[in-house]
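Analysis of the macromolecular model
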Amino acid sequence: MTVPLVRVIFFDIDDTLYSSTEFAGRAREASIDAMLARGLRIDREKALVELLRVVEEFGSNDGHHFQRLLHRLPNAATAEVNPNLLVSAGMMAYHETTWRELRLRSEATDVLKVLAETPVALGVVTAGITSKQMEKVLRLGIDQWVNPSLIFITDEVGIAKTNPKLYTLAARKARVPVSEAMHVGDHPTRDVNSAAQAGLFTVWHRGSGKYAALSPTQGPDHTISSLREPPAIFDTYYRLAS
């Protein structure tokens, strides 16, 4: 039996290398608390529920979450304070929480360290705004392990994760055939289906993120619940080479 060769492994960032769902929840709570402390008059839980609705409707990369939240609240909620003060307080608290608590999962650090000692090339395929995702790469310290020429952000590349061409491009830039590339991610459609359709090996990180209840329709080659599992998978099923 021929053991498959893997020469490059790409990782998703959000809810794979770190728990973005849990982190975002804490940051939004801090934002609402900051707005309440500066004069917002509404029940805390009601404000959090409405903020989450705004995020779901307009997407996590929308830059006006707090303005949209205030527009949807009763006039009495902001009658005694300048709304722009509340928006700024919310944004400040969100960003302060972001950079204070943003960190890799310990098992993510471990697997990246292990792989960095092998001949395999490491890269990132992530969805989002270029500046935000690149800052995550730096603040999480991912750049110390991955090849800087193998960082692919959908906004920068102009191809969404739902399009298998993104993964084809990533493999081509790594100068390896798709049959010798692998992608590890949590989203059943964007990370697993698309990468599998492109011809990559796929590892589905089925964690506790917001997509954990969904399932891919194609693949994956392996399903994990923790990033502690991939080293054993690599040792058992693949040869790793640059």
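Quick look at the structure, then.

**Thoughts on the packing of aromatic side chains**
Within the structure shown, the criterion is met by 5 aromatic pairs. Directly above the aromatic system of phenylalanine 58 lies the positively charged group of arginine 68, at a separation of 4.0 Å from the ring centroid.

**Some remarks on the pairing of strand β2 (residues 8–11)**
Burial along β2 is two-sided: Val8 and Phe10 and Ile9 and Phe11, pointing in opposite directions, are all buried. One ladder, built from 4 bridges, connects β2 with strand β3 (residues 121–126); its direction is parallel. Bridge pairing in β3 links valine 8 to alanine 121. Looking at chain direction, β2 and strand β5 (residues 181–185) are connected through 4 bridges and run parallel. The residue of β5 that forms the bridge with phenylalanine 10 is histidine 183.

**Focus on helix α9 (residues 188–198)**
Residues spaced three or four apart along an α-helix point in a common direction, a consequence of the helix completing one turn every 3.6 residues. Within α9, 8 of the 11 residues are buried, which leaves it mostly tucked inside the rest of the structure. Contacts made by the buried residues of α9 are with α8 (165–173), β5 and β6 (201–205). A positive backbone phi angle near 105° is found at glycine 199, which sits one or two residues after α9.

**Structural notes on the nonpolar core**
Of all hydrophobic cores here, the largest spans 34 residues; its most connected members are Ile9, Leu122 and Ile142. Elements with a contribution of two residues or more to this core: β2, α1 (20–37), α5 (106–116), β3, β4 (151–153), β5, β6 and α10 (230–237). Take this core: its biggest share by element is 4 residues, from α5. Not counting chain neighbours up to four residues away, the residues in contact with leucine 122 comprise Ile9, Phe11, Leu112, Leu115, Ala116, Trp145, Val146, Asn147 and Leu150.

**Section: unusual backbone geometry**
Even without glycine at this site, aspartate 15 takes up a positive phi of about 65°. On the accessibility criterion, aspartate 15 (4% relative accessible area) is buried.

**Side note on the environment of proline 231**
Checked against the element boundaries, proline 231 lands in helix α10. Judged by its relative accessible area of 23%, proline 231 falls in the partly exposed class. The sequence separation of proline 231 and valine 114 amounts to 117 residues, and the corresponding C-alpha distance is 7.7 Å.

**Quick word on the packing of α1 against helix α4 (residues 83–101)**
At a closest axis distance of 8 Å, the pairing of α1 and α4 adopts a crossing angle of 145°. For the pair α1 and α4, the sense of crossing is right-handed. Residues Phe23, Ala24, Arg26, Ala27, Arg28, Ala30, Ser31, Ala34 and Met35 of α1 pack against Leu86, Ala89, Gly90, Ala93, Tyr94, Thr97, Thr98 and Glu101 of α4. Its residues assigned to classes, the contact of α1 with α4 comprises 10 nonpolar, 4 polar and 3 charged.

**As for helix α2 (residues 44–58)**
The terminal C-alpha atoms of α2 lie 21 Å apart, and with 15 residues this matches the ideal 21 Å at 1.5 Å per residue to within 8%. Turning to α2, its buried residues number three or more, namely Ala47, Leu48, Glu50, Leu51, Val54 and Val55. Viewed along the axis of α2, the buried residues span an arc of 170°, placing them on a single side of the element. Residues Lys46, Glu56 and Glu57 are exposed on α2 and point more than 90 degrees away from its buried face. Two or three places before glutamate 45, at the opening of α2, aspartate 43 has a side-chain oxygen 3.1 Å from that residue's backbone nitrogen.

**Here's the deal with the pattern of salt bridges**
Throughout the structure, instances matching the rule amount to 12 salt bridges. With a shortest N-O distance of 2.8 Å, glutamate 135 and arginine 139 are connected by a salt bridge. Residue glutamate 135 and its partner arginine 139 are located together in helix α6 (residues 130–139), separated by 4 residues, close to a single helical turn.

**Looking at the pairing of β5**
Counting buried positions along β5 gives 5 out of 5 residues, so the element sits mostly inside the fold. Both β5 and β6 contribute to a ladder of 4 bridges, which runs parallel. Its bridge partner lying in β6, methionine 182 is registered against phenylalanine 201. Handedness of the β-α-β unit built from β5, α9 and β6 comes out right-handed.

Scoring rules and cut-offs
Residues numbered from 1 in each chain as written. Predicted model: local features only at pLDDT ≥ 70, side-chain atom pairs only at ≥ 80, totals over all residues. Heavy atoms only, no water. Phe/Tyr/Trp six-rings, centres within 6.5 Å; stacked < 30°, edge-to-face > 60°. Lys NZ or Arg CZ within 6 Å of the ring centre and 35° of its normal. Buried < 20%, exposed > 50% of the residue type's maximum accessible area, 1.4 Å probe, protein only. Helix = DSSP H or I, 4+ residues; strand = E, 2+ residues; numbered from the N terminus. Pairing = 2+ DSSP bridges. Contact = heavy atoms within 4.5 Å. Core = buried A, V, L, I, M, F, W, Y, C linked by side-chain atoms within 4.5 Å. Axes fitted to C-alpha atoms, helices over the stretch in contact; angles between N-to-C directions. Left-handed = near helix turned anticlockwise from the far one by under 90°. Nonpolar A, V, L, I, M, F, W, Y, C, P; charged D, E, K, R; others polar. Expected span 1.5 Å × (residues − 1). Arc of directions from axis to C-beta. Polar contact = N/O pair within 3.5 Å; in protein donor to acceptor, adjacent residues only side chain to side chain. Salt bridge = Lys/Arg side-chain N within 4 Å of Asp/Glu carboxyl O. Right-handed = clockwise from strand over helix to strand, strands pointing away.

Such coordinate-based values are descriptive only and should not be taken to indicate function.
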